[in-house]
Amino acid sequence: MADESGLVAAVGTGPRKRRLSYELIGCARHGHHLVGTDAARVRPEDALLVREAADGMRWHRCLRCDAWLVLPVPERPEREVPPSRAEIEIPQRGKVLRDRYVLRLIAIDRLVHFLVLGVLAVAVFVFAHERARIKGPFYRIMDDLQNGVGGPSGLHGHGLLGDLDKAFSAHTKTLWAIGLIIAAYAVLEGVEAIGLWRAARWAEYLTFVATAVLLVPEVYELSHHISPLKICTLLINLAVLVYLLFAKRLFGLRGGGRAEAAERAHDSGWQALERVLPGPR
């Protein structure tokens, strides 16, 4: 149950300190996760989550960021006591929450790749299908433009016009093969995006392997021509590899999957709430 407009003040946080608090980001987006705001009375066993204060007020603990907030006792309570543990759904926090944000950020990057590559694959297929019909008009227009400015006839050069000339000269099967490769790459990126968005372990391995393999052509391209976009892409992919390998403990590194599961369990559930029990200030 998230708090509503009855929030009065945030007065304390737990002793956990991080350079970047993903819990606070979650609370900023969704509001603090409080329980017992609609209860008529508070029991001693509810002290982990809610406590009585003076002057008709109560302290409520956010189950996500461990902040204590003071709220008035409800005038028209909807229940006698706060919900039991079986009724409470603890929000994601700790490493689980951090991984959710980082993996979804990578998933968005893969989704952008999927869309761009998908459009490019469709363009290649359309070009391969309509090339015979547009080849004649294209060459006539280019010849007219070049003759009009006194340039030489033909497109045997470099740059975009040279690439288009090569495309028109390529075999149809070659174009279809290129389109299929691009489409397959787009599907791969789409599968990665879906798996990472759901924090699937197999998606982490798939993303690591696919990204590592694609580093080879990226480095090869940089050895021939350096551009800010290529450098930025390489740095992003390297950061993804380092995060997946070390933070997610792939291939048995730093204890592997067992250590990963143990760390996630350490930051989740009621044990995490009981271990981090800040008193309200």
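Each remark here, short or long, concerns the structure printed above.
Cut-offs and rules
Residues numbered from 1 in each chain as written. Predicted model: local features only at pLDDT ≥ 70, side-chain atom pairs only at ≥ 80, totals over all residues. Heavy atoms only, no water. Helix = DSSP H or I, 4+ residues; strand = E, 2+ residues; numbered from the N terminus. Expected span 1.5 Å × (residues − 1). Bend = angle between axes of the 7 residues up to and from the residue. Core = buried A, V, L, I, M, F, W, Y, C linked by side-chain atoms within 4.5 Å. Buried < 20%, exposed > 50% of the residue type's maximum accessible area, 1.4 Å probe, protein only. Contact = heavy atoms within 4.5 Å. Axes fitted to C-alpha atoms, helices over the stretch in contact; angles between N-to-C directions. Parallel < 35°, antiparallel > 145°, perpendicular 65-115°, else oblique. Left-handed = near helix turned anticlockwise from the far one by under 90°. Nonpolar A, V, L, I, M, F, W, Y, C, P; charged D, E, K, R; others polar. Phe/Tyr/Trp six-rings, centres within 6.5 Å; stacked < 30°, edge-to-face > 60°.

*Asks:* Hey, could you run me through helix H5 (residues 201–224) in this one?
*Replies:* Between its first and last C-alpha, H5 extends 36 Å over 24 residues, near the 34 Å set by a 1.5 Å rise per residue. Where H5 bends most, the angle comes to about 30°, and this point is Leu 215, followed within four residues by the proline Pro 217.

*Asks:* What am I meant to see in the nonpolar core here?
*Replies:* It is characteristic of soluble globular proteins that their nonpolar side chains tend to be buried jointly. Of all hydrophobic cores here, the largest spans 19 residues; its most connected members are Val 102, Leu 103, Ile 106, Leu 196, Phe 208, Tyr 243 and Leu 244. In terms of residue count, helix H6 (residues 228–247) provides more of this core than any other element does, six residues in total. Other than its neighbours up to four places away in sequence, Leu 244 contacts Leu 103, Glu 204, Thr 207, Phe 208, Arg 249 and Leu 250.

*Asks:* Is there a simple way to explain the environment of Thr 172 in this structure?
*Replies:* Tracing the chain through its elements places Thr 172 in helix H4 (residues 172–197). Since its relative accessible area comes to 33%, Thr 172 is described here as partly exposed. Sequence-wise, Thr 172 and His 129 are 43 residues apart; in three dimensions their C-alpha atoms are separated by 8.4 Å. Apart from the residues within four sequence positions on either side, Thr 172 is in contact with Ala 128 and Arg 131.

*Asks:* Honestly, the packing of H5 against H6 in this entry has me stumped. Any pointers?
*Replies:* Angle between the axes and distance between the axes: these two values describe a pair of packed helices. Running from amino to carboxyl end, H5 crosses H6 at an angle of 150°, the nearest separation of the two axes being 10 Å. Considering their axes alone, H5 and H6 lie roughly antiparallel with respect to each other. Helix-helix and strand crossings are classified by hand; for H5 and H6 the assignment is left-handed. Residue-level contacts link Glu 204, Thr 207, Phe 208, Thr 211, Ala 212, Leu 215, Glu 218, Val 219, Glu 221 and Leu 222 of H5 to Lys 230, Ile 231, Thr 233, Leu 234, Asn 237, Leu 238, Val 240, Leu 241, Leu 244 and Leu 245 of H6. Here the contact of H5 with H6 is composed, by residue class, of twelve nonpolar, four polar and four charged.

*Asks:* Would you take a moment to explain the packing of aromatic side chains for this structure?
*Replies:* Each aromatic ring pair is summarised here by two numbers: the centre-to-centre distance and the angle between the ring planes. Evaluated as defined, the whole model comprises four aromatic pairs. Ring geometry for Tyr 22 and Tyr 101: centres 6.0 Å apart, planes at 25°, overall stacked. Note that Tyr 22 is positioned in helix H1 (residues 22–30) and Tyr 101 in helix H2 (residues 94–148), a separation of 79 residues in sequence. A centroid spacing of 5.0 Å and a plane angle of 90° characterise the contact between Tyr 205 and Phe 251, whose relative ring orientation is edge-to-face. Within this pair, whereas Tyr 205 is found in helix H5, its partner Phe 251 is found in the loop between H6 and helix H7 (256–266), the two being separated by 46 residues in sequence. When its relative accessible area of 27% is taken as the criterion, Tyr 205 is described as partly exposed.

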